[in-house]
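# Summary of structural features
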Amino acid sequence: MRKVIGIGETVLDIIFKNDQPIGAYPGGSTFNAIISLGRCGVNTSFISEAGNDRVGEQIINFLEENGVDASGVSRFPDSQSPISLAFLNERNDAEYLFYKDHPHDQLDFVCPDIQPDDIVLFGSYFAVNPVIRPQVMGLLDYARNHGAIIYYDVNFRPSHRHEVLRLTPNLLENLEYADIVRGSNEDFSVLYKMDDPAKVYNAEVSFYCKKFIYTQGCNPVELRAEEGFHKSYPVEKTQTISTIGAGDNFNAGFIYGMLKYGITRHNIERGLSEEQWDKVMAQAMMFSSEVCKSLFNYVPVEFGEKLKKI
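Residues numbered from 1 in each chain as written. Predicted model: local features only at pLDDT ≥ 70, side-chain atom pairs only at ≥ 80, totals over all residues. Heavy atoms only, no water.

## Focus: the nonpolar core
Rules: Nine residue types can take part in a nonpolar core, namely buried Ala, Val, Leu, Ile, Met, Phe, Trp, Tyr and Cys, and a core is a set of them joined through side-chain atoms within 4.5 Å. Each residue's exposure class comes from its accessible area (1.4 Å probe, protein chains only) as a fraction of the maximum for that residue type: buried when under 20%, exposed when over 50%, partly exposed otherwise.
Core analysis: the largest hydrophobic core is formed by 53 residues, its most contacted members being Leu-63, Phe-250, Phe-254 and Met-258. Of all hydrophobic cores here, the second largest spans 39 residues; its members include Phe-126, Val-136, Leu-139 and Tyr-192.

This is how it looks when you write it as structure tokens:
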């Protein structure tokens, strides 16, 4: 059975509406995707660190309750769990404030068993953080050498805008490791001051990775791949409660689609057909749409149960 291994941060997301807290949920970009995949019956494991506190305990319990192997989550004495404040505006899009001590991040894990065609998901600041760079690169090297598919979600927040120059070498290495890259219009506006997917792909991404997905909220998802292939996928209109986990669950749905339709590393290297892209993108957009219908950062348990029966 193919596995999905996620590596990323853990946070407690506290959600505000009209400046009042309305919920608090375990989160983190890769974390959210892995929880959704676990709920859908996918064999998942997660590598991270969590605070040696009540929130850290909650996060590890939550992973295990949702079928995710949490043995790769480290907890260090005196470490505190990071907090994210998400303020929903009138369109239910979120603006974030992060409380995280990045210079004191730590990461200590034993590389999990990775087999050919397993999928490794990584992204956000965690993926470029210089403090834990050696450990992240170690996992990526191991995954590539063992024939895994590597999926990179850029997810670069405006709060790190002042670090772009310093972090660019790590970002470029990540693009080079990746078999598939996804980023949002906001990411590339922060990184490159560009808002045209074709320009972003041609100028910044295609030299390193040929398969590129550009999401832009409620506007069409833009796909670019080798040999000039490109396609737009309209986003289905939905009653949005919160967009907090939309991108993370796009990633989860895409990975679920790769597993469901048997997309292997060989397929990716050879180039996917339009039909294969359509099928996988449909799953990505279904997961993303589903998560926008609630305040939670992951697809509902019932959604996952339904998929298990198909």
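There's plenty left to go through after this.
## A word on the packing of helix 1 (residues 29-39) against helix 7 (residues 246-260)
For clarity, the threshold we go by: Angles shown run from 0 to 180 degrees and are taken between the N-to-C directions of axes, each axis being a line fitted to C-alpha atoms and, for helices, limited to the stretch in contact. The helix count covers DSSP runs of H or I at least four residues long, the strand count covers runs of E at least two residues long, and both are numbered beginning at the N terminus. In what follows, roughly perpendicular refers to angles from 65 to 115 degrees, roughly parallel to angles under 35, roughly antiparallel to angles over 145, and oblique to any angle outside these ranges. Should the near helix be turned anticlockwise from the far one by less than a right angle, the crossing is termed left-handed; should it be turned clockwise, right-handed. Throughout, a contact is declared for two residues whenever any of their heavy atoms are within 4.5 Å. Residue polarity follows a fixed list, in which Ala, Val, Leu, Ile, Met, Phe, Trp, Tyr, Cys and Pro are nonpolar, Asp, Glu, Lys and Arg are charged, and the others, Gly among them, are polar.
Contact geometry for helix 1 and helix 7: axes closest at 8 Å, N-to-C directions at 45°. The angle between helix 1 and helix 7 places the two elements in the oblique class. Remark: the crossing between helix 1 and helix 7 carries right-handed chirality. Along the contact surface, helix 1 presents Ser-29, Asn-32, Ala-33, Ser-36 and Leu-37, while helix 7 presents Asp-248, Asn-249, Ala-252, Ile-255 and Tyr-256. Residue composition of the contact of helix 1 with helix 7, grouped by class: five nonpolar, four polar and one charged.

## So, the sheet that holds strand 5 (residues 68-75)
Each strand in a sheet pairs with its neighbour through backbone hydrogen bonds, running either in the same direction (parallel) or in the opposite one (antiparallel). Heads up, the condition is: Here, any two strands with at least 2 DSSP bridges between them count as paired.
Read across the open sheet, the nine strands follow the order 5-4-1-8-9-10-11-12-13; overall the sheet is mixed. Each having just a single partner strand, strand 5 and strand 13 (230-233) make up the two edges of the open sheet. Here the strands of the sheet are splayed against their neighbours by 15° on average, with no regard to which way each runs. Its contacts with the sheet place helix 1 against strand 1 (3-7), strand 4 (43-50), strand 5, strand 8 (119-123) and strand 9 (149-153), and it is angled at close to 150° to strand 4. Sheet strands touched by helix 9 (residues 274-291): strand 11 (212-216), strand 12 (219-224) and strand 13. Its angle to strand 13, the strand with the most contacts, is close to 30°.

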